[in-house]
Amino acid sequence: MTQDIKFIQGNEVCVEAALYAGLDFFAGYPITPSSEIAEHMAVRLPGIGGKFLQMEDEISSICAITGASLTGHKAMTATSGPGFSLMQEALGYAIMTEIPCVITNVQRGGPSTGLPTHGSQGDVNQARWGTHGDHAIIALTASNHQDLFQITVEAFNLAETYRTPVILLLDEMLGHMREKLIIPKVDEIPVVKRLRTAVPDGVDFHPYLPREDGRLPMSDFGDKHRYNVTGLYHDMWGFPTSDPQVIHGLIHHLMDKIENRVEQLTRYKEYFLEDAEVILISYGSSARSALHIVKNRRKRGERLGLLELQTLWPFPAGLVRRKTRQADFVAVVEMNMGQIVDEVKKVVDQHKRVFLVNRVDGGFITPENIKDMIRLIQGRGV
Amino acid sequence: MKKHPMLKYLKEQGPQGDRLPLIMCPGCGSGQVLNFIFMAIDHLINEQGYQKDNFVFISGVGCHARLTSHYLNFDSGWTIHGRTLPIATGALLANPELHPVVITGDGDTGAIGGNHFIHACRRNLDLTIVCLNNKLYGMTGGQSSPTTLNGETTSTNPYGNFEADFDLCELAKTAGATYVARWTTAHPTKSVKAILKGLENRGTSFIEILSQCPTHFKQSPSQMIREYKEKTVRLEKMQEDDAGKIPIGEFQDMRKPDWSSSYRKIVQSVQNKTIQD
Ligand SMILES: Cc1ncc(C[n+]2csc(CCOP(=O)(O)OP(=O)(O)O)c2C)c(N)n1
Ligand SMILES: [Mg+2]
């Protein structure tokens with residue numbers, strides 16, 4: 001059978017993968033470097049009977065996808081830094097009400113208007129901590145188009161499985177770059193469907209009572225069950241409560257359903273780690289340069305390895321600790337002032353052996369940049 | 001004792017015991033407005049065969065929004081302050097069979113959610129927006145809202161409000177809503193009829209109901225309701241010496257394709273083209 005091969009931008013990959021995952025509702029507001037996601041959605045959705053809606057801002061965009069998800073549809077919005085900032089309150093609402101949805105942030109340089117047309121990975125911590133109050137979050141990323149397709153489908157799958165918003169972190173470089181993509185065949189990547197309650201009509205439905213496996217079946221708005229949703233602390237019926245025991249239970253549920261499943265949620269790739277003396281940890285487009293330098297140095301007999309993280313949150317602490325145990329030192333390659341490096345320092349056995357290798361001037365971090373900094377760390381001069 | 005006929009639309013009992021009475025202060029207009037909404041829905045279900053399951057209540061945050069919080073025997077989303085309309089938009093467009101009833105307040109719609117309000121009207125979404133205008137922020141303790149009258153004293157205008165107030169009905173009409181009406185809790189029959197017309201209208205309907213807040217205005221509810229009679233004037237009977245009175249009645253009543261029917265045409269043309277290609 002012939003393969004469906006495309007040569008497209010990362011933003012378009014995200015659209016094709018979202019459709020593959022079953023998305024049929026998109027609401028968004030144009031912003032560089034994410035706008036192509038909205039534009040491709042606008043082209044693709046009417047043809048499959050889905051809904052595309054350009055909203056008046058990013059606040060309403062994320063709100064619209066939560067509303068759509070409540071009616072049983074898979075929905076996504078896409079934005080970049082300034083818009084992601086505007087979405088934070090509603091992101092918390094989706095976390096609290098356990099509404100599955102996907103929020104794509106094609107990162108650009110910040111703060112503020114920053115660097116609209118330049119790549120950055122400066123929103124990693126905002127993805128984790130941007131909305132107020134204690135909470136847990138899933139955030140995924142990828143470094144090439146084939147992986148991005150897979151990870152985007154997984155973002156929808158995890159959103160449905162754990163009834164939670166999932167953040168997909170792209171960056172300008174990945175979003176705008178064109179490269180080859182082989183569209184996976186139908187069913188090649190499993191797709192998780194919305195889990196709906198089997199409770200019969202007339203029997204009390206508990207939208208917030210987890211099953212034994214921890215999953216919470218939903219009922220669509222407009223379906224026969226009565227379903228109440230609130231951003232307040234609520235009981236298993238979805239009604240507000242100020243009962244300390246119920247509050248305690250809910251906050252722990254919201255944290256534990258993600259933080260206690262780090263292993264299941266961790267997606268990563270590794271290259272030459274077994275005997276590596278120097279381990280690079282990277283993610284997103286930075287990992288492309290990191291991989292390049294690792295392969296290059298290996299040819300010269302230098303023992304470099306790469307751990308590429310695809311799940312950034314919940315942070316794969318156990319994985320990073322295990323994989324870095326033998327290394328002389330660890331260099332975290334990222335395009336920010338050091339957002340993942342702090343997490344790595346927290347979990348490795350000797351945090352003094354962890355270094356930041358970064359670039360934050362709007363330019364893309366190159367293999368050369370990484371090589372120079374590693375030589376400095378090794379005391380070999382540039 | 002005979003039960004109130006609209007009680008069937010409420011959940012009287014919850015796991016922790018009685019959910020009723022409503023948590024509103026004595027004399028608050030919110031319960032009256034909820035009753036108006038139920039009466040309109042009851043008519044549609046009993047007389048016109050509307051499905052109860054298709055009614056969905058969405059509110060933001062504020063005293064008015066509490067109406068959707070504890071009691072409703074309908075699907076209901078109690079959402080975030082000012083974002084009522086975009087969440088209702090998503091629900092409606094994803095499932096156009098729904099009849100979203102948006103319960104909002106003068107602050108929720110006129111201030112923090114003002115932009116969403118304009119754009120919901122512009123899109124002519126098939127939503128029914130019921131705005132409980134108590135002319136202040138009830139929930140947070142009686143601060144000024146965009147509809148607080150000039151000269152009124154509130155907790156954030158202790159020396160009197162010197163800003164101009166918004167006419168939300170004029171705003172809705174200008175922005176493109178296809179049914180717009182203002183009534184008060186002193187006009188129950190008119191209010192029910194307006195909500196009914198709003199629900200039947202395939203497009204954005206905005207029904208503003210002036211609803212008393214005796215707590216923060218420190219007045220008796222009966223006095224406030226009496227003033228709703230005295231200080232209002234029917235739009236079509238307005239005369240020059242009525243300046244200073246609040247116009248009530250229907251501001252807009254016209255038909256125009258709603259968002260979903262216009263979008264459906266796009267979907268059909270795209271799909272037909274794909275088949276021909
Ligand atoms: C983002 C945000 N800002 C402020 C608040 C606090 N707040 C809650 S209700 C409210 C005003 C409500 O006024 P209105 O919409 O008129 O409703 P009412 O209480 O008068 O019915 C405010 C400012 C909030 N909940 N969220
Ligand atoms: Mg108010």
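Note that the structure is predicted; figures quoted are calculated from it, not measured.

Engineer: Which residues make up the interface of chain B and chain A, and what values do they have?
Structural biologist: Counting residues at the interface gives 36 residues for chain B and 38 residues for chain A. Contributing elements (two or more residues each) for the side of chain B that touches chain A: β4 (75-78), α2 (84-94), α4 (114-123) and α9 (259-276) of chain B. For the side of chain B that touches chain A, the leading source of residues is α2(B), giving 8 residues. Its residues assigned to classes, the side of chain B that touches chain A comprises 16 nonpolar, 16 polar and 4 charged. The pairing of strand β10 (residues 228-230) of chain A with β4(B) spans 3 bridges and is classified as parallel. Across the sheet, the residue bridging to Val229(A) is Gly77(B), located in β4(B).

Engineer: A description of the site of ligand 1 should follow, citing residues and the corresponding values.
Structural biologist: Residues and elements named next belong to chain B. Neighbouring ligand 1 are 17 residues; Gly62, Gly105, Gly107, Asp108 and Gly138 lie closest to it. In terms of residue count, the dominant contributor to the shell around ligand 1 is helix α3 (residues 106-112) (3 residues). Within the shell around ligand 1, the residues separate by chemical class into 6 nonpolar, 9 polar and 2 charged.

Engineer: Before we move on, could you go through the environment of Thr113(A) and cite the residues and values that matter?
Structural biologist: By secondary structure assignment, the location of Thr113(A) is in the loop between β5 (101-109) and β6 (115-119). As for Thr113(A) and Gly81(A), which are separated by 32 residues in sequence, their C-alpha atoms are 8.1 Å apart.

Engineer: Give a description of the domain arrangement of chain A that names residues and reports values.
Structural biologist: Residue and element names in this part refer to chain A. Partitioning chain A into structural domains gives domain 1 (5-182) and domain 2 (271-377). Here the C-alpha centroids of domain 1 and domain 2 sit 26 Å apart. Counting from both sides, the interface comprises 26 residues of domain 1 and, opposite them, 19 residues of domain 2. Contributing elements (two or more residues each) for the side of domain 1 that touches domain 2: β6, α6 (124-129), β7 (138-140), α7 (145-162), β8 (165-171) and α8 (172-176). In terms of residue count, α6 provides more of the side of domain 1 that touches domain 2 than any other element does, 4 residues in total. Of the residues belonging to the side of domain 1 that touches domain 2, the class tally is 13 nonpolar, 10 polar and 3 charged.

Engineer: How would you summarise the sheet that holds strand β12 (residues 278-282) of chain A if you had to cite specific residues and measurements?
Structural biologist: All names here are of chain A. Reading across the sheet, the 5 strands line up as β11-β13-β12-β15-β16 and stay open at both edges, with mixed pairing between neighbours. In this open sheet, the two edge strands, each paired with only one partner strand, are β11 (268-271) and β16 (354-358). The average angle at which neighbouring strand axes cross in this sheet is 20°, direction not considered. When β11 meets strand β13 (residues 304-309), the two strands line up antiparallel, connected through 4 bridges. Across the sheet, the residue bridging to Tyr268 is Leu309, located in β13. Where helix α11 (residues 286-299) meets the sheet, it contacts β11, β12, β13 and β15 (329-334), and its direction lies at approximately 160° from that of β13.

Engineer: Describe unusual backbone geometry, and please don't skip the residues or the numbers.
Structural biologist: The step from Thr32(A) to Pro33(A) runs through a cis peptide bond, and the omega angle for that step is 5°. Its location among the elements puts Pro33(A) in the loop between β2 (23-28) and α2 (35-44). A cis geometry characterises the amide bond from Leu20(B) onward to Pro21(B), with omega recorded as 5°. Structurally, Pro21(B) is set in the loop between β2 (17-18) and α1 (30-48). With a phi close to 45°, Arg163(A) is a non-glycine residue in the positive phi region. Tracing the backbone shows Arg163(A) in the loop between α7 and β8.

Engineer: If you had to explain the sheet that holds strand β7 (residues 179-184) of chain B to someone new, which residues and values would you point to?
Structural biologist: Spatially, the 9 strands line up as an open sheet ordered β10(A)-β4(B)-β3(B)-β5(B)-β6(B)-β8(B)-β7(B)-β10(B)-β9(B), and their pairing is mixed. Only two strands of the sheet have a single partner each, and these edge strands are β10 of chain A together with β9 (232-234) of chain B. Recorded for the sheet is a direction-independent mean angle of 20° between the axes of neighbouring strands. Relative to β4(B), strand β3 (residues 55-59) of chain B runs parallel, the two sharing 4 bridges. Its bridge partner being in β4(B), Ser59(B) is matched across the sheet by Trp78(B).

Engineer: Which residues make up the nonpolar core, and what values go with them?
Structural biologist: Of all hydrophobic cores here, the largest spans 174 residues; its most connected members are Val332(A), Ile37(B), Ala91(B), Val130(B) and Ile195(B). For this core, the leading source of residues is α7(A), giving 9 residues. Residue contributions to this core reach at least three from each of two domains, namely domain 1 (5-182) and domain 2 (271-377) of chain A.

Engineer: For the pairing of β6(A), give the residues involved together with the corresponding values.
Structural biologist: Residue and element names in this part refer to chain A. Here β5 runs beside β6; their pairing, made up of 2 bridges, is antiparallel. When the bridges of β6 are listed, Gly109 appears paired with Leu115. Connecting the antiparallel pair β5 and β6 is a turn made up of 5 residues, with Ser112 showing a positive phi of about 55°.

Engineer: Tell me about the confidence of the model for chain A, and please be specific about residues and values.
Structural biologist: Across chain A, the average pLDDT comes to 96, with 99% of residues at 70 or higher. Element-level pLDDT for chain A is lowest in β6(A), with a mean of 93, against a maximum mean of 99 in β7(A).

Procedures and definitions
- Residues numbered from 1 in each chain as written.
- Chains lettered and ligands numbered in written order.
- Predicted model: local features only at pLDDT ≥ 70, side-chain atom pairs only at ≥ 80, totals over all residues.
- Contact = placed C-beta atoms within 7 Å.
- Helix = DSSP H or I, 4+ residues; strand = E, 2+ residues; numbered from the N terminus.
- Nonpolar A, V, L, I, M, F, W, Y, C, P; charged D, E, K, R; others polar.
- Pairing = 2+ DSSP bridges.
- Near = placed C-beta within 6 Å.
- Domains from an automatic or database assignment.
- Axes fitted to C-alpha atoms, helices over the stretch in contact; angles between N-to-C directions.
- Core = buried A, V, L, I, M, F, W, Y, C linked by C-beta atoms within 7 Å.
- Buried ≥ 20, exposed ≤ 12 C-beta atoms within 10 Å, placed from the backbone.
- pLDDT = per-residue confidence, 0-100.

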